[in-house]
Amino acid sequence: HWLLFVNTCIIFFLPLVLKMDNMIGTFLICAIGGKRIMNIEMSGGLIYEIIHADKEWVQGEARTLPSGTKVILPPGTEIVNNESIDFKGGKPRVWVEGRQLQPRKILITGSSGYVGQHLLASIALQGIGSETDTDSEGGTYEIYLAYNALPTFEADLDNLLQHNKLHPSIAKVQPISNIDFSSSDYIEKIQSAVGATTLDAIIHLAALSSPGYCENNVGDAWKVNCPVELLSFSAPIIYLSTDQVYEGTKSYYQEDADETVPVNVYGRTKLAFERVLLGSATLLSAKELGGNSCEYIPDTTSPPPPNPNSTILRSSLILGGPTPLKNGCRKGFPSFLQFIESRLISSTPTDYFINEFRSVVHITDVLRAIKHFLNKALASEDDSRGKVGTYNLGGSTRVSRYDIALKLASHLKLDYSSANGVDRPAVGGVPSPPDISMNVSKIANEMRVSNMDGLNEMIEQTFSA
């Protein structure tokens, strides 16, 4: 009788009452007389059932979920002024029976590369949330790190995790070695390691990213850069594409207004996988092929349907600090900044192109964007309502490589006489787009930032120590 009386009073005086169901028992979460008696701090994806909600209950969002709806709340959720719920910038996620009880499986391909190492450390140690996320649900995740062959990778990963505390939301971090996208058995290898044929999300970073190598190994470039078989996991894919899908004949390309005309094999293969994610029947038009052979284009007559909650990120040249793993990645330098620094310090004469321009992007902005769209994909319960989004992922500064060298020399107070500004030859070598600077207002608006980092911020943050 006493519990019934309390429940009746609570439902009468509050616009929202939540009941929490978990393995321990059932509790009422409420505030009485303006005093919050229990803080709703989520960890591990606990489930709450709405018993009574007769007003707008999501602060700042005009929607009401009916009584009986079960939801998972973002971390830090609290009752405000005894009359509304503040989700601290996140959103409640409707709980689907049986789906959230198991850890959600996230695959990162290319995890031993520059972006991959930064991303795995960020997720493993900080979780999948970030300040611009639309949904930080406090769930439990298993992170699978697919990579091909980097001898130092697993030992360096073990060292990172031994000396740092794993984020509470991360249940497992497991490397998967020898994943070669040019091999026919890579899907089976991933399925065996994961123990499942489906995943909750894929962050696809793996690529043959050297334009020169792609020109000389066209077959492998198509196999690795356009892996149609990834769709078999039925997961939303956060895909790191490239600014080289643009022709480079103008400045500040816009993703929703300007056409794509890649001038080299690398750009064509990356654009083709964009089309795979968009469900296009034709991967490349005749103009996009540019008279080149289409013999290596994969068969897409009956591929698995793409997940509509996928995202395409057309990344520019990525700059930033060293990788968080001790021995780094396969490249000689973490990013182009460290290469320039080394040449300036040693006074080694080096040519830098002055007639090629890009919207170089900071590694921190890359991580923020990937985690933002990962959160959106994981929060989307109804796949039928999703729509694949395409975003330019660049910084706010249009620069040449020579501009970068001069700016870095100035910041480090180094003699720049060894840096030579030269034109890229008009003929010969691998075709390269001359100006693929991008308009990045769309992604800045999506992530609710005033602007993406410019070159000054990248250099200052990278060399602040």
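For the structure, see preceding data.
Treat the numbers as computed from the prediction; the structure is a model and nothing was measured. (Residues numbered from 1 in each chain as written. Predicted model: local features only at pLDDT ≥ 70, side-chain atom pairs only at ≥ 80, totals over all residues. Heavy atoms only, no water.)

Notes on helix α6 (residues 218–225)
Point 1. Buried within α6 we find G219, A221, W222, V224 and N225.
Point 2. On its buried side, α6 packs onto α5 (211–216), β14 (237–242) and α7 (265–278). (Buried < 20%, exposed > 50% of the residue type's maximum accessible area, 1.4 Å probe, protein only. Helix = DSSP H or I, 4+ residues; strand = E, 2+ residues; numbered from the N terminus. Contact = heavy atoms within 4.5 Å.)

What about the side chain of D156?
Point 1. Considering the arrangement of structural elements, one finds D156 in helix α3 (residues 153–162).
Point 2. This buried residue, D156, is left without a salt bridge; K326 holds the nearest opposite charge, at 6.4 Å. (Lys, Arg positive; Asp, Glu negative; His and termini not counted. Salt bridge = Lys/Arg side-chain N within 4 Å of Asp/Glu carboxyl O.)

Re unusual backbone geometry
Both trends apply: most residues other than glycine have a negative phi, and most peptide bonds are in trans.
Point 1. The backbone phi angle of N178 is positive, close to 60°, even though this residue is not glycine.
Point 2. Its location among the elements puts N178 in the loop between β12 (170–176) and α4 (186–194).
Point 3. One non-glycine residue, S347, adopts positive backbone phi at about 55°.
Point 4. For S347, the location among the structural elements is in the loop between α9 (336–345) and β17 (350–353).

Observations concerning the packing of aromatic side chains
Point 1. Using the criterion set out here, one finds 8 aromatic pairs in the structure.
Point 2. A ring pair is formed by F333 and F339, whose centres lie 5.7 Å apart and whose planes are at 75°; its orientation type is edge-to-face.
Point 3. Residue F339 is classed as partly exposed on the basis of its relative accessible area, which comes to 24%.
Point 4. Centre to centre, the rings of F336 and Y352 are 6.3 Å apart; their planes meet at 70°, and the pair counts as edge-to-face. Taken together, the positions of F336 in helix α9 and Y352 in strand β17 put the pair 16 residues apart, joining distant regions of the chain.
Point 5. We classify F336 as buried; its relative accessible area is 16%.
Point 6. These aromatic residues form a ring-pair network of at least three members: F333, F336, F339 and Y352.
Point 7. When the ring centre of Y253 is taken as reference, the NZ or CZ atom of K250 above it lies at 5.5 Å.
Point 8. Here the guanidinium or amino end of R398 rests over the ring plane of F357, the centre of that ring lying 3.9 Å away. (Phe/Tyr/Trp six-rings, centres within 6.5 Å; stacked < 30°, edge-to-face > 60°. Lys NZ or Arg CZ within 6 Å of the ring centre and 35° of its normal.)

Points about the packing of helix α2 (residues 114–126) against helix α10 (residues 363–379)
Point 1. As a packed pair, α2 and α10 sit with axes 10 Å apart at the nearest point and diverge in direction by 60°. By the angle between their directions, the pair α2 and α10 is classed as oblique. Once α2 is placed against α10, the crossing between them reads as right-handed. Side by side, α2 and α10 meet where Y114, V115, H118, L119, S122, I123 and Q126 of the first sit next to I363, V366, L367, I370, K371 and L374 of the second.
Point 2. Here the contact of α2 with α10 is built from residues that sort into 9 nonpolar, 3 polar and 1 charged. (Axes fitted to C-alpha atoms, helices over the stretch in contact; angles between N-to-C directions. Parallel < 35°, antiparallel > 145°, perpendicular 65-115°, else oblique. Left-handed = near helix turned anticlockwise from the far one by under 90°. Nonpolar A, V, L, I, M, F, W, Y, C, P; charged D, E, K, R; others polar.)

Considerations on the packing of α6 against α7
The relative placement of two packed helices comes down to the angle between their axes together with the axis-to-axis distance.
Point 1. Packing of α6 against α7 brings their axes to within 9 Å, and their N-to-C directions diverge by 30°. For the element pair α6 / α7, the angle class is roughly parallel. Here α6 and α7 pass one another in a crossing that is right-handed. Seen from α6, the contacting residues are V218, A221, W222 and N225; seen from α7, they are V265, Y266, R268, T269, K270, A272 and F273.

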